[in-house]
Structures are given as structure tokens and as C-alpha cells.
Amino acid sequence: MECAAKGRGTRCIGPARRRCGRCGAVAYCSVSHQISHWNDHKGECKRLEQQMKCVDVLNNFPFTFSEEATVQVCERQESRCSFFSKRGVHRVGMWMGECSCGLSAASFDRSRSNNDGWGLPSIMCPCSGPSSPLSKHLCSWKGYYEWRNIPLDSPVALLLHWPLTIYYASLVAGFGSFNSEINNKFCIHYLGPEKELLQLAVFGELRALFPGVQMHMELIGPEIPPHRDGEKIDLCNYAHCSDSDCICKSSSEKFSWSACTVRSSSVTLQLHRGFYHERYRDIAKDSFPHLVIAPNAGIAAYSSWSSTIELIKETNVPAIFSDYCEEACHLAASCIGTITGCPPRFPIQLNPFRQPLVVEGSALYLPCYSNCFLFGM
């Protein structure tokens, strides 16, 4: 935990062990730094105090590993690396980018041929289609695991939070039942992919979550390598397991990055390098979106969002954003209000499909999770 006043004057004199007595969410290295930071902190202190009261809710997951992945990581009894090592997936397949010692999005090309697998036995992962169709909307990790017949000791939720967040965002935006306007094709503009670029095969799960629907996602962001700009990827199957004799290894089910026929593919991804407001006109000519999704957006942290927010307002397409904590969403909502003159259409709400492994090195004592909260315009 860093001193909340770091870099705002005099140098820190030691570890940040003096927590704010009111909210308990920030810490300081000294009394003098706490006093000097008060003018900045007083506007957020009460909000953070309320958010700290919800820590137990944030950490509430149904998995057998929940305490290990939340409280123990926060208290540094465990780390992301040790968590994955105990499960035999440290730096394996799609797990490569999930810890600080793994690959980064810049390594997208090098891992491309090896990032399509779970590295887990078939009983522990969704490597083939569901045994039964969805009978009702999913609203919890427990419900999803029961539907897909996955045991609660399986860590696959740590990667599946990407497609499940897309699924839940579509419900929040009002696409719970696909009508004639969509006509069995659902187009999403997905902004700012980073870590997902190492885990694209996990989006094959959208086939199960949106049965009978042709899912098309335009992934737009500066982390996409220049020579991959415009590349199209058809996900013809589910990410495969580690069992050599599983059906997911058969020729008809095998994962392929090569082009598939339209009939055999229900999930298509297309990559675009650059910022959304710079690339939108060309992309939308052939692929106008039903929904815009921006995971872990960081709207208040990056000035480039201003032009994108103005564009989204102009197009009037529903847009759902996520971020790591409620405070980040609050700051983002304020930015959106300033830019558009309107409050967000979709209020800040906890994402039931947030990643169930706490982010290490958070600037707050408040636990942070990938895709933790959703809101939108």
C-alpha cells in the first residue's frame, strides 16, 4: 500500500501504515502527509467510508477457494502466482497473463499458438457445449457453474469473467431477449482490450451464453499490434481442456484461428488498433453496434476518453463500462456527466460476474476486482 500523498510534495518517510480514521480506505506514511492530503481526500472520504462497509459483499463468492483468492491475497498470505501454481496453471495456456511474472499484452503474438487451452481436465472446464439450454437468465457464479456442471473448486471463473461480463452487460442494457431488431445477430464494439488479447479463446463461451445468435465483436484499442490491425478471428469451438481423448480434440470441435464458414461459427472477433473515436467511422460502415462495452475502462484516468464519450453520446448506442472498484466508477460517472451534461443512463451496480481474485497492489484498502462494478450511458 502506497502513501495516498505520494508524489504531492515532500518525500515519503516510510511505509504507509497510518490509515484514515474515518474511511479506513487510504493510508499515509506520516501525520504531515495525511494533513497535506486532506483537501484532496475530504471529497471522497465519506464515499469511501460507505464503500468500506461493503467489503464482505465484494469478497462474497461461492467457490471453495474464495478466502484464499480474496482475504489471503489482500493480506499477502497468498499471491496470484501462488494461487495459480497450486492449481497447476501458472503461466499455462490462457493463464499466461494473469500474474505479474506472466506475459503482457505486448506478447500477444508469441503466445498466440498456445493461448487457446484451459490446461485443466474436462471435468473442470467448459470445453464443449452445455448439456442443457439456459432456462432463465444467469445472475450468479453459482448459477453458471451449476448450469455448466463445473465443480466449485474450478478456477475457470478467473478467465470466464470476460464473456460472463459481456452476457450480464447485455442484460443491464436491455438485451435480455433478442428481438427482431437484432435478427439473430448481435454486434458489440469492445473497447480497450489488453489482457484479453492473451485469452481470446475464452470468448468461445459466448456460443453457449447466446445460443442461436451470431455474435460479432469488434475489438478496438491501442494495445493491438499494428500488423494485426483488421485481422478476423472465427471461434469455431470452445477453449479446449488438457484431456487427450476429450471430444474437444476431435477434428470437428478443435479450436481454430483460421476462417470458418458462417454456418459453423457463431462468434467472430475482428481486431482494430487505435482509439475508438479515431476508428469508429470506418468500422461502423460495415458493423454498426447494438452495444458498446468497455471493460476496466478507467475513464477518469485517461483524457482520451473524452472524445470517445462524445462519440457514444452522438451515436446514442447503449454503452456499458466496468471498473475495478466503486470509487473509480463514481469518478467516471462524474466525468461522463461533465462531458455529456447528463448522468449515466445505467447506475453503478456490482457485477455478479466480477473476477473472483483480488487485484494485487491496490491503492486502496478497499478490495478491487477486474470488472467489479458496471455502469453505463
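Here the structure is a predicted model, which is why all the values come from computation and not from measurement.

Visitor: Summarise the packing of aromatic side chains; cite the residues concerned and give the values.
Guide: The relative placement of two aromatic rings is captured by the distance of their centres and the angle of their planes. As enumerated under the stated definition, the model contains 22 aromatic pairs in all. Taken together, a centroid distance of 6.4 Å and an interplanar angle of 25 degrees make the contact between Phe-61 and Phe-63 stacked. Pair check on accessibility: Phe-61 and Phe-63 agree, each one buried. Arranged with centres 4.9 Å apart and planes meeting at 0 degrees, the rings of Phe-63 and Phe-65 form a pair that is stacked. Each of the two residues, Phe-63 as well as Phe-65, counts as buried. Directly above the ring of Tyr-238 sits Arg-148, whose terminal nitrogen or CZ lies 5.4 Å from the centroid.

Visitor: Break down helix α10 (residues 276-286) for me, citing the residues and quoting the values.
Guide: For α10, the full list of buried residues reads Tyr-276, Arg-279, Tyr-280, Ile-283 and Ala-284. Summarising the axial view, the buried residues of α10 lie within an arc of 130 degrees, below the 170-degree limit, and thus occupy one face. In α10, the exposed residues that point more than 90 degrees away from the buried face are Glu-278 and Lys-285. Contacts from the buried residues of α10 go to β3 (185-191), β4 (214-221), β6 (267-273), β7 (291-294) and α11 (305-315).

Visitor: A description of the environment of Pro-193 should follow, citing residues and the corresponding values.
Guide: Its place among the elements puts Pro-193 in the loop between β3 and α9 (206-209). For the pair Pro-193 and Tyr-144, spaced 49 residues apart in sequence, the C-alpha to C-alpha distance is 24 Å. Non-local contacts of Pro-193, meaning those with residues more than four positions away in its chain, are made with Leu-219, Ile-220, Gly-221, Glu-223 and Ile-224.

Visitor: Please provide a residue-by-residue account of the pairing of β7, values included.
Guide: In summary, the side chains of a regular strand alternate between the two faces of the sheet. A two-sided burial pattern is seen for β7, the buried positions comprising Leu-291 and Ile-293 on one face and Val-292 and Ala-294 on the other. Bridge count for β3 against β7 is three bridges, and the pairing is parallel. Within β7, the residue paired with His-189 across the bridge is Val-292. Bridge count for β7 against strand β8 (residues 319-323) is three bridges, and the pairing is parallel. Its bridge partner lying in β8, Val-292 is registered against Ala-319. On the question of chirality, the crossover connecting β7 to the parallel β8 by way of α11 is right-handed.

Visitor: Could you give me a rundown of the nonpolar core, with the residues and numbers involved?
Guide: Membership of the largest hydrophobic core comes to 115 residues, with the highest contact counts inside it found for Trp-118, Trp-141, Tyr-144, Phe-203 and Phe-321. Setting aside anything within four residues of it in sequence, one finds Phe-321 in contact with Ala-294, Ala-297, Ile-299, Trp-305, Ile-309, Ile-312, Ile-336, Phe-373, Leu-374, Phe-375, Gly-376 and Met-377.

Basis of the calculations
- Residues numbered from 1 in each chain as written.
- Predicted model: local features only at pLDDT ≥ 70, side-chain atom pairs only at ≥ 80, totals over all residues.
- Heavy atoms only, no water.
- Phe/Tyr/Trp six-rings, centres within 6.5 Å; stacked < 30°, edge-to-face > 60°.
- Buried < 20%, exposed > 50% of the residue type's maximum accessible area, 1.4 Å probe, protein only.
- Lys NZ or Arg CZ within 6 Å of the ring centre and 35° of its normal.
- Helix = DSSP H or I, 4+ residues; strand = E, 2+ residues; numbered from the N terminus.
- Arc of directions from axis to C-beta.
- Contact = heavy atoms within 4.5 Å.
- Pairing = 2+ DSSP bridges.
- Right-handed = clockwise from strand over helix to strand, strands pointing away.
- Core = buried A, V, L, I, M, F, W, Y, C linked by side-chain atoms within 4.5 Å.

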